[in-house]
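Working through the structure, step by step
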Amino acid sequence: VLMTHKITTGSEVEVRLICRALEHAVSTVRESQEILLVPHVTDVHVALDDEVRGCLSRFSQLMGLWPDQLPALETALRNRQNMRLDIAALHLALETLTEALWKLGSHDEKQRWGSMLQSVGSLAEELFVAYTRNSRSSERQREGHVQHFLHICRCILARLRVVKMYLDHLSSADEPLPMEQVGRLWKYLGDEPDFKTKLTMKKLELFLVTQSKRAASKHFAAGTTECCICLSELSQPVILPCRHVCDKDCIKDWLRPGKRTCPTCRKDVPEDSEMIVSLQS
């Protein structure tokens, strides 16, 4: 075994797990070829094709990120004798990232977490492609438990990637991490997000609209979320020099030659005032 695969962590647990995977690969080959002879060391070299090498490589890379999780993986595999090692390692890595998400307390921790997610995501995509292209993998994928865990991994990865995008683009370095909003986003996405379906996109749209309203309430002058002219919900907010807020279309209709005043306080609105849609206070 040591001649066929490089041990990443040097852990005895890693060696045992790799031996387990190779034994399973040998068993699969012997069954397919109906070999009746006693297993021989040469069977390992026969079974160690590109598919198995890829599986072991992905497993070692994933566990290299969290070597302390190897005992947990070994425990999890005791009741799943036919589970592919790389799929089990990916599932554990995604669960570890999910647990780490809720412990984020600073932007530096968020950056490190995001880097780990990128590394795991690249290996996950490689794994998904391998199980799609390889015929032997496709046969195993049809087994219920393997298909089930591949689906779970895809769903968790999708949720984590959306959360990462939210944190990267909507969290300011000079403010605390918006973990309360992240919790809401996690719930909106649900356990099985599928961005090819209208349901998931509607959920995401609903969350973003809700957050937009909250942001408007926080940042608009006087904490308002409605137009001071039509009293409807703001869609294209414009802040006047006096700090009152109205919709862009409404204020354009309101302001006329000889009547350039705020509809609320009647202060003058200069001719050179720019009607720029903004969420800033």
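Reference entry: report on the structure contained in this document.

Thresholds applied
- Residues numbered from 1 in each chain as written.
- Predicted model: local features only at pLDDT ≥ 70, side-chain atom pairs only at ≥ 80, totals over all residues.
- Heavy atoms only, no water.
- Salt bridge = Lys/Arg side-chain N within 4 Å of Asp/Glu carboxyl O.
- Helix = DSSP H or I, 4+ residues; strand = E, 2+ residues; numbered from the N terminus.
- Buried < 20%, exposed > 50% of the residue type's maximum accessible area, 1.4 Å probe, protein only.
- Phe/Tyr/Trp six-rings, centres within 6.5 Å; stacked < 30°, edge-to-face > 60°.
- Lys NZ or Arg CZ within 6 Å of the ring centre and 35° of its normal.
- Axes fitted to C-alpha atoms, helices over the stretch in contact; angles between N-to-C directions.
- Parallel < 35°, antiparallel > 145°, perpendicular 65-115°, else oblique.
- Left-handed = near helix turned anticlockwise from the far one by under 90°.
- Contact = heavy atoms within 4.5 Å.
- Nonpolar A, V, L, I, M, F, W, Y, C, P; charged D, E, K, R; others polar.
- Core = buried A, V, L, I, M, F, W, Y, C linked by side-chain atoms within 4.5 Å.
- Lys, Arg positive; Asp, Glu negative; His and termini not counted.
- Expected span 1.5 Å × (residues − 1).

1. As for the pattern of salt bridges
Summed over all chains, the structure comprises eleven salt bridges. Arg159 is the partner of Asp191 in a salt bridge, and the nearest nitrogen-oxygen pair spans 3.2 Å. Residue Asp191 is located in the loop between helix H9 (179-189) and helix H10 (198-219), and its partner Arg159 is located in helix H8 (residues 144-170); the two are separated by 32 residues in the primary sequence. Judged by its relative accessible area of 62%, Asp191 is exposed.

2. Observations concerning the environment of Ala173
Within the fold, Ala173 resides in the loop between H8 and H9. Residue Ala173 is classed as exposed on the basis of its relative accessible area of 69%.

3. Considerations on the packing of aromatic side chains
The final tally for this structure, using the stated rule, is three aromatic pairs. When the centroid spacing of 5.6 Å and the interplanar angle of 65° are considered together, the rings of Tyr166 and Phe207 count as edge-to-face. Linking Tyr166 in helix H8 with Phe207 in helix H10, this pair joins segments that are 41 residues apart in sequence. Phe207 matches Tyr166 in its accessibility class, with the two residues each being buried. Pairwise contacts between aromatic rings join Tyr166, Tyr188 and Phe207 into one cluster. Positioned over the ring face of Phe128 is Arg154, at 4.5 Å from the centre of the ring. Above the plane of the ring of Trp254 lies Lys259, whose end atom (NZ or CZ) is 4.0 Å from the centre.

4. Remarks on the packing of helix H3 (residues 50-65) against helix H5 (residues 85-101)
Running from N to C, H3 and H5 cross one another at 25°; their axes reach a closest spacing of 8 Å. With respect to H5, the element H3 is oriented roughly parallel. In terms of crossing hand, the pair formed by H3 and H5 is left-handed. Contacts between H3 and H5 pair Cys55, Leu56, Arg58, Phe59, Leu62 and Met63 from the former with Leu85, Asp86, Ala89, Leu90, Leu92 and Ala93 from the latter. A breakdown of the residues in the contact of H3 with H5 according to their chemical character gives ten nonpolar, no polar and two charged.

5. As for the environment of Ala100
Assignment of secondary structure puts Ala100 in helix H5. For the pair Ala100 and Trp113, spaced 13 residues apart in the sequence, the C-alpha separation amounts to 7.6 Å.

6. Some thoughts on the nonpolar core
Most often, soluble globular proteins have nonpolar side chains that are buried together. Within the largest apolar cluster, 61 residues are counted, with the highest numbers of intra-cluster contacts made by Phe59, Leu73, Leu90, Leu101 and Leu160. Element by element, the count of residues in this core is highest for H8, at eleven residues. Ranked by size, the runner-up nonpolar core spans 14 residues in total, among them Ile239, Val245, Trp254 and Met275.

7. Things to note about the side chain of Arg20
Note that Arg20 resides in helix H1 (residues 12-33). We note that Arg20 is buried and unpaired, the nearest opposite charge coming from Glu23 at a distance of 7.5 Å.

8. Quick notes on H3
The terminal C-alpha atoms of H3, which comprises 16 residues, lie 23 Å apart, in line with the 22 Å expected from a rise of 1.5 Å per residue. All buried positions along H3 are accounted for by Glu51, Val52, Gly54, Cys55, Leu56, Arg58, Phe59, Ser60, Leu62 and Met63.

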